[in-house]
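One letter stands for each residue in the lines below.
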Amino acid sequence: MTASIASLLAGAAHADVTLTILADTNPESVAFFDALTKAYAEKRPDITFDIESRPGGSEGDNMVKTRLATGEMADIFQYNSGSLFQALKPQQTLADLSGLSNAGHIQESFKAVVTAPDGSLRGAPFGPAMGGGIFYNRKIYADLGLEVPKTWSEFIANSEKIKAAGKVAIAQTYGDTWTSQLFVLADFYNVNAVVPNFAKDYTENRAKYATTPAAAKGFEHLEQTGKAGFFNADFGAAKFDDGMRMVATGEAAHYPMLTFGIGNVAQNFAANLPDLGFFAQPGDDAAKNGLTIWMPSALYVPADAENLEEAKTFLDWMISKEACELMAKTVPSGPYLIKDCQLPANIPQAVSDMLPYFETDGRTAPALEFLSPVKGPALEQITVEVGTGIRSAADAAALYDQDVEKQAKQLGLPNW
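As the structure is a computational prediction, the values presented were derived from the model and not from experiment.

Enquirer: Now, about the state of the cysteines: what can you tell me, with residues and values included?
Expert: Applying the stated criterion to the full structure yields one disulfide. The disulfide that involves Cys324 links it to Cys341, with 2.1 Å between the sulfurs. The sign of the -95° torsion about the S-S bond sets the Cys324-Cys341 disulfide as left-handed. Placement of Cys324 in helix α16 (residues 321-330) and of Cys341 in the loop between α16 and α17 (349-359) is noted, with a sequence separation of 17 residues between them.

The structure is reproduced here in structure tokens:
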């Protein structure tokens, strides 16, 4: 069992160690590691950190898997929880964190998405839970007299009015292909509301996107908005940073995205942060309006890490209330999944918009990737094709069903 933080900070002498970390380039991640490593180094002057950046999307996935397979992974790495975590074969590749002294601080909802098949804890939460929905520019809404939509038809009506006013209705950023998936992935609350057994049936190969009308709607929404001419002219080349800039500054009225984008605006366009609002992706029934949520990414330690025990000790401190509240102060962009961890009093408007979904029972549902280990790797390429008009929604849903079949077979799931 890893020694407690208290005992390690009690004055014992330690040999100097450099902990290597592999993390993504999101501004929130950069801000977190800057604050956390500085605070930890004050407690442990013998520890220094060497942080390496990795790309997002499928390129980043491949880098993580390759480095784990070749024994070249950093001492600590940041990666997804949920289905992509399970694809890492965690019992073989990742260190067991069940014995950390602060493991009991992690909320059960997060433990479930970083638990290996043998029941052992393999990851620590890194950052807040996120909503998947639509950022909107509050000034544009006020100027045009628009109300936050509770149904998809209301959202389309708002977008039509925005386009008629000569503004970009929906920012899209296919220069970062992963951003093209949001209309499909963020629609899962609505899928689950109509077909509550979809995740289970999907995992067991008894339900498909192409043959489940509620599930196919995400692809249809993407096709509809692309054909309507709602997107920015440079949507094929624009990137995530551009999308957040556009919706924050009023260059665009909407941007479908995960709420971690709040940190991007806080860092790069702080003066516009009050103008950034957020709402859940609407479905067909206003009475069932709710939010698809993403668990935060996690920090993992490879089973063969060079500095295994020191890496586990750092993660033990990471899941303390102290470290969590340091993260919450650094990036107050959503609820954190460490027990008794409090957000600061002053939070951005978009966070205020998100919290009511979490505070009311039944108004949130985890994204499909947290309920099913099946997530095809080619979704971001397929959704780019739909958004650009290359592929129809119906064809895309069928193609994605084929894509997930490969993944399910690789995972050895029954009934595939």
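Text resumes after the structure shown.
Enquirer: Describe the packing of aromatic side chains, with residues and values.
Expert: In total, this model carries 29 aromatic pairs according to the counting rule given. Pairing Phe77 with Tyr300 gives two aromatic rings, centres 5.4 Å apart and planes at 40°, and the pair type is tilted. Remark: Tyr300 occurs in strand β10 (residues 297-300) and Phe77 occurs in strand β3 (residues 76-79); sequence separation between them is 223 residues. Ring centres of Trp152 and Phe183 lie 5.5 Å apart, and the angle between their planes is 85°; on these two criteria the pair is classed as edge-to-face. Of this pair, Trp152 sits in helix α8 (residues 152-164) while Phe183 sits in helix α9 (residues 182-185), placing them 31 residues apart in sequence.

Enquirer: With reference to specific residues and values, describe α17.
Expert: Inspection of α17 places Ala350, Val351, Asp353, Met354, Leu355 and Tyr357 among the buried residues, and these make up the whole buried set. Packing partners of the buried residues in α17 comprise β5 (130-137), α14 (261-268), β8 (276-280), β9 (291-294) and β11 (364-366).

Enquirer: How would you summarise the sheet that holds strand β1 (residues 17-23) if you had to cite specific residues and measurements?
Expert: In spatial order, the strands read β2-β1-β3-β10-β4; together these five strands make up an open sheet with mixed pairing. Whereas interior strands pair on both sides, the edge strands pair on one side only; in this sheet they are β2 (47-53) and β4 (124-126). Looking at each pair of strands side by side, their axes are set apart by 25° on average, direction ignored. Pairing geometry for β1 and β3, over two bridges, is parallel. From the neighbouring strand, Leu22 faces β3, where its bridge partner is Phe77.

Enquirer: Now, about the packing of helix α13 (residues 240-249) against α14: what can you tell me, with residues and values included?
Expert: In contact at an axis separation of 10 Å, α13 and α14 are set at 75° when each is read in the N-to-C sense. If you check the angle between α13 and α14, you find them roughly perpendicular. The residues of α14 that touch α13, namely those facing Phe240, Asp241, Met244 and Ala248, are Gly261, Ile262, Asn264 and Val265. In the contact of α13 with α14, the residues fall into five nonpolar, two polar and one charged.

Parameters at a glance
Residues numbered from 1 in each chain as written. Predicted model: local features only at pLDDT ≥ 70, side-chain atom pairs only at ≥ 80, totals over all residues. Heavy atoms only, no water. Disulfide = S-S within 2.5 Å. Helix = DSSP H or I, 4+ residues; strand = E, 2+ residues; numbered from the N terminus. Phe/Tyr/Trp six-rings, centres within 6.5 Å; stacked < 30°, edge-to-face > 60°. Buried < 20%, exposed > 50% of the residue type's maximum accessible area, 1.4 Å probe, protein only. Contact = heavy atoms within 4.5 Å. Pairing = 2+ DSSP bridges. Axes fitted to C-alpha atoms, helices over the stretch in contact; angles between N-to-C directions. Parallel < 35°, antiparallel > 145°, perpendicular 65-115°, else oblique. Nonpolar A, V, L, I, M, F, W, Y, C, P; charged D, E, K, R; others polar.

Geometry only, nothing functional implied.
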